[in-house]
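A structural walkthrough
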Amino acid sequence: MNRRVAVVGHGVIGARVAEELARGGVDGAELVGIVVRHAPDTPAGPLLTLEQALDAADLVVECAGQPVVHEIVDAVLSRGSDLVVTSVGALLDDRLGPRLGSLGPGRLLATHGAVGGLDLLASAARSGGLDTVHVRTTKKAPALVRDWMSAAEAERITQSPEPVTVFSGGPSEAARLFPDSLNVVAALATAVGSTDRVTVELVGDPSATRTTHEITASGDIGDYSFVIRNTPSAQNPRTSAVTAWSVLQTIASLTGRAPLIA
Ligand SMILES: NC(=O)C1=CN([C@@H]2O[C@H](COP(=O)(O)OP(=O)(O)OC[C@H]3O[C@@H](n4cnc5c(N)ncnc54)[C@H](O)[C@@H]3O)[C@@H](O)[C@H]2O)C=CC1
Ligand SMILES: O=C([O-])CC(=O)C(=O)O
């Protein structure tokens, strides 16, 4: 039987995910509708309220931002539906992180999103073997300016002719300060089961044409290094275009016809 999927959010990621589901692009999954904040001109499927989505779907896919994860997580999981989150940073938030083990009966799954290699790093961490994990993300500099920054900081980021470090610290703070740019860090920390061993650096590069995530990890079990260079989405330079396809891959893994590689 097909998974009945409702997509929450119809921006860069949600619209592509919904369109692909609607055209039958994921074996074993069908789109029942989308939950939006503002009605789009050409929605990929029927517009539903969250309540209607919960009645119609057995799998809800969040593509709308960290605040929306907090809004819907209890309602979805307590109804017994599964929830895939794209805004993975919400899992590191104190409102949700400590409760993850007690939510259900639906299952919560985070997409690997704009990065990869998390399966291998999770396997290495399972051995107890990872001592350090570092991620260095480089994005086009203007995409990293935020409302909470001072004018001087915004100017430093946008006017520098050289790459500038915009943030350096731990994954929880990274996901809180850059909620629409560093969800990959939360996915990495979740995969390795630690926020303490993960360090994060965010760099703004005026000449970057791709978003780069450089992940390095090390321990007795091995040394690992992944470099991911993603093309930013044309509509939203903060989001890597591959992310929607990763969400679709995550949905595929939850169907009865899951991909052979897990
Ligand atoms: N895990 C990963 O690798 C990545 C995760 N993300 C996450 O995905 C989110 C979405 O990214 P994009 O599609 O590029 O953003 P976007 O800004 O293009 O789309 C977000 C959509 O969500 C809608 N929305 C907001 N609140 C809503 C609500 N309460 N109900 C229904 N819809 C609502 C907005 O109206 C907008 O259409 C980001 O905010 C970020 O948290 C983004 C990139 C990579
Ligand atoms: O799209 C990307 O490369 C990463 C991103 O925005 C996020 O992790 O929130």
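Worth saying up front: this structure is predicted, and the values here are computed from it rather than measured. (Residues numbered from 1 in each chain as written. Chains lettered and ligands numbered in written order. Predicted model: local features only at pLDDT ≥ 70, side-chain atom pairs only at ≥ 80, totals over all residues. Heavy atoms only, no water.)

1. So, the site of ligand 2
Around ligand 2 there are 13 residues in total, and Lys 139, Asn 183, Val 184, His 213 and Ser 240 lie nearest to it. The separation between an oxygen atom of ligand 2 and a polar main-chain atom of Asp 180 is 3.3 Å. One of the backbone N or O atoms of Leu 182 is found 3.4 Å from an oxygen atom in ligand 2. Protein contact buries 93% of the 270 Å² of open area that ligand 2 shows by itself. Of the residues in the shell around ligand 2, the class split is three nonpolar, seven polar and three charged. (Near = heavy atom within 4 Å. Polar contact = N/O pair within 3.5 Å; in protein donor to acceptor, adjacent residues only side chain to side chain. Areas by Shrake-Rupley, 256 points an atom, 1.4 Å probe, with all protein chains shown as cover. Nonpolar A, V, L, I, M, F, W, Y, C, P; charged D, E, K, R; others polar.)

2. What about the UniProt feature "binding site: NAD(+)" (unreviewed entry) in the protein chain?
As recorded in UniProt, the sites labelled "binding site: NAD(+)" (unreviewed entry) are Ala 114 and Asn 183. In three dimensions, the annotated residues from a span of 70 residues occupy one location, with a maximal C-alpha spread of 8.7 Å. Looking at where Ala 114 falls in the secondary structure, it is placed in the loop between strand S5 (108-110) and helix H4 (118-126). Note on Asn 183: relative accessible area 14%, which makes it buried. Setting aside residues no more than four positions away along its own chain, Asn 183 makes contact with Gln 66, Thr 86, Ser 87, Val 88 and Gly 89. Within polar-contact distance, the side chain of Asn 183 engages the backbone nitrogen of Val 88 at 3.1 Å. (UniProt positions renumbered as here; feature names shortened; annotations may be inferred. Helix = DSSP H or I, 4+ residues; strand = E, 2+ residues; numbered from the N terminus. Buried < 20%, exposed > 50% of the residue type's maximum accessible area, 1.4 Å probe, protein only. Contact = heavy atoms within 4.5 Å.)

3. Some remarks on the UniProt feature "active site" (unreviewed entry) in the protein chain
When the UniProt feature table is mapped onto this chain, "active site" (unreviewed entry) is found at His 213. Here His 213 is to be found in strand S9 (residues 211-219). Once you skip the residues sitting within four places of it in the chain, His 213 turns out to touch Ala 114, Val 115, Arg 136, Thr 137, Val 184, Phe 226, Val 227, Ile 228, Asn 230 and Ser 240. There is a polar contact of 2.8 Å between the side chain of His 213 and the side chain of Thr 137.

4. Some points on helix H1 (residues 12-22)
The set of residues buried in H1 consists of Ile 13, Gly 14, Ala 15, Val 17, Ala 18, Glu 20 and Leu 21. On its buried side, H1 packs onto strand S1 (3-8), strand S2 (29-35) and helix H8 (242-253). Count one or two residues on from H1 and you reach Gly 24, which has phi positive near 80°.

5. Some thoughts on the nonpolar core
Leu 83, Val 166, Phe 178, Leu 188 and Val 200 are the most contacted members of the largest nonpolar core, which totals 56 residues. Ranked by residues supplied to this core, first place goes to helix H7 (residues 183-192) with seven residues. What Val 200 contacts, discounting residues up to four positions off in sequence, is His 134, Val 135, Phe 167, Ser 168, Gly 169, Gly 170, Pro 171, Ala 174, Leu 182 and Val 185. Counting 20 residues, the second largest nonpolar core, distinct from the first, contains Val 17, Leu 21, Val 84 and Leu 254. (Core = buried A, V, L, I, M, F, W, Y, C linked by side-chain atoms within 4.5 Å.)

6. Focus on unusual backbone geometry
Following Gly 104, the chain continues into Pro 105 via a peptide bond in cis, with omega recorded as 10°. Within the fold, Pro 105 resides in the loop between strand S4 (82-85) and S5.

7. Observations regarding the pattern of salt bridges
Evaluation of the coordinates by the stated rule reveals 16 salt bridges. A salt bridge links Glu 19 to Arg 16, with the nearest nitrogen and oxygen atoms 3.6 Å apart. With Glu 19 and Arg 16 both in helix H1 and three residues apart, the pair spans about one turn of that helix. Classification of Glu 19 by relative accessible area gives partly exposed; the value is 39%. Where salt bridges share partners, they join Arg 3, Arg 4, Asp 58, Asp 82 and Arg 107 into one cluster. (Salt bridge = Lys/Arg side-chain N within 4 Å of Asp/Glu carboxyl O.)

8. What to know about the environment of Ala 124
The residue Ala 124 is located in helix H4 in this model. Between the alpha carbons of Ala 124 and Asp 223 there is a distance of 9.6 Å; along the sequence they are 99 residues apart. When near neighbours in sequence (up to four residues on either side) are disregarded, Ala 124 contacts Gly 129, Leu 130, Ile 221 and Tyr 224.

9. Thoughts on the packing of H1 against H8
Packing of H1 against H8 brings their axes to within 8 Å, and their N-to-C directions diverge by 45°. Classed by the angle they form, the pair H1 and H8 counts as oblique. The two elements H1 and H8 meet at a crossing, and its hand is right-handed. Here H1 contributes Ile 13, Arg 16, Val 17, Glu 20 and Leu 21 to the contact with H8, which in turn contributes Thr 243, Ala 244, Trp 245, Val 247, Leu 248 and Ile 251. Split by residue class, the contact of H1 with H8 holds eight nonpolar, one polar and two charged. (Axes fitted to C-alpha atoms, helices over the stretch in contact; angles between N-to-C directions. Parallel < 35°, antiparallel > 145°, perpendicular 65-115°, else oblique. Left-handed = near helix turned anticlockwise from the far one by under 90°.)

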